[in-house]
Amino acid sequence: MKIGVLALQGDFREHIHKLRQLGVETAEVRLPDDLVGLDGLILPGGESTTMGKLAAAFDLLEPLRAFSREHPVWGTCAGMILLAREALHQKRGGQPLIGVLDIVVDRNYFGRQVDSFEIDLPVPALANLTSPGDPEGSFHAVFIRAPAVVAVGPNVEVLATLPDGTIVAVRQGHLLATAFHPELSNDLRFHRYFLAMAAGAALGGADRVTTAAGGNGHRVAVPT
Ligand code: GLN
């Protein structure tokens, strides 16, 4: 299995390090041809406006959209923003989005309260990957000027929320997004979870198909 990491800007090296720890072949993606032959793609944390503009400058936006419609893609933090169909509080002048994931994110949701924080989050989807001492699938999540998900479409499954209900991890079929940075935690389970998605897709499994796991009461209003 070969997984690409968008390497225009941000903490792509940390993702590559995690993937190598898991014995996966990796590729840095900077140009459209770099997407050829990949089984999945990670969009790292960093600065989403910069990444989006660089992707547009390198003629990578349409290839990224086409790839994301067909293949497993995981966005962390800025990568989550890039995947979203809509981002609130963009910088003046706007920002290009890949736009394939049916969520609305607020780019600077935590900005005015606290820029960065860490918290142990219950993530039931990780339960199968969890060690016996940690049966809840709790994950130590690092948030750095993080976005939050403020609205989800009917096919989006909520994987994790903060104690106040704020949505911070979602999945829509073959697309995964986390507002925090598993590449910065000393924990490989989110990467293993994504690799399992990619392996399922490579086998032509149901993981590629948007499931009906959404519609679970997590739909929230978009603030105006
Ligand atoms: N808030 C940043 C953005 O808009 C994302 C921060 C991050 O990736 N750590 O891109």
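Just so you know, these numbers come straight off a predicted model, no measurement behind them.

Engineer: For this particular structure, what's the right way to read the environment of P44?
Structural biologist: Its location among the elements puts P44 in the loop between β3 (40-43) and α2 (48-57). By C-beta crowding, P44 is classed as buried, having 26 other C-beta atoms within 10 Å. Those residues within four positions of P44 in sequence are excluded, and the remaining contacts are V5, L6, G10, D11, F12, H15, T76, G79 and E183.

Engineer: When you look at the site of the ligand in this model, what are you seeing that I'm missing?
Structural biologist: Residues in close proximity to the ligand include G45, G46, E47, S48, C77, A78, I81, R107, I144, R145 and P147, which together make up its full environment. Considering only residue class, the shell around the ligand consists of five nonpolar, three polar and three charged.

Engineer: Got a minute to help me understand the pairing of strand β2 (residues 25-29) in this structure?
Structural biologist: Sheet topology places strand β1 (residues 2-6) next to β2; five bridges connect them, and they run parallel. By the bridge assignment for β2, G4 is matched with A27. A crossover connection joins β1 to the parallel β2 through helix α1 (residues 12-21); in handedness this β-α-β unit is right-handed.

Engineer: Explain the nonpolar core here, please?
Structural biologist: Across soluble globular proteins, you tend to see nonpolar side chains buried next to one another. Within the largest apolar cluster, 66 residues are counted, with the highest numbers of intra-cluster contacts made by L83, A84, I103, A148, V149, V170 and A179. Of the residues forming this core, the biggest block, seven residues, is contributed by helix α5 (residues 189-202). Beyond its immediate stretch of four places on either side in the chain, A179 contacts C77, M80, F143, A146, P147, A148, V149, V168 and A169.

Engineer: It is not clear to me how α2 should be interpreted in this structure. Could you clarify?
Structural biologist: Two residues of an α-helix separated by three or four positions point the same way, owing to the 3.6 residues in each turn. For α2, the full list of buried residues reads S48, T49, M51, G52 and A55. The arc enclosing the buried residues of α2, seen along the axis, measures out at 165°, which places them on a common side. Packed against the buried residues of α2 are α3 (61-70) and α4 (78-83). After α2 finishes, the residue D59 shows a positive phi value of roughly 55°.

The rules behind these values
Residues numbered from 1 in each chain as written. Predicted model: local features only at pLDDT ≥ 70, side-chain atom pairs only at ≥ 80, totals over all residues. Helix = DSSP H or I, 4+ residues; strand = E, 2+ residues; numbered from the N terminus. Buried ≥ 20, exposed ≤ 12 C-beta atoms within 10 Å, placed from the backbone. Contact = placed C-beta atoms within 7 Å. Near = placed C-beta within 6 Å. Nonpolar A, V, L, I, M, F, W, Y, C, P; charged D, E, K, R; others polar. Pairing = 2+ DSSP bridges. Right-handed = clockwise from strand over helix to strand, strands pointing away. Core = buried A, V, L, I, M, F, W, Y, C linked by C-beta atoms within 7 Å. Arc of directions from axis to C-beta.

The quantities given are spatial measurements derived from coordinates; they are silent on function.
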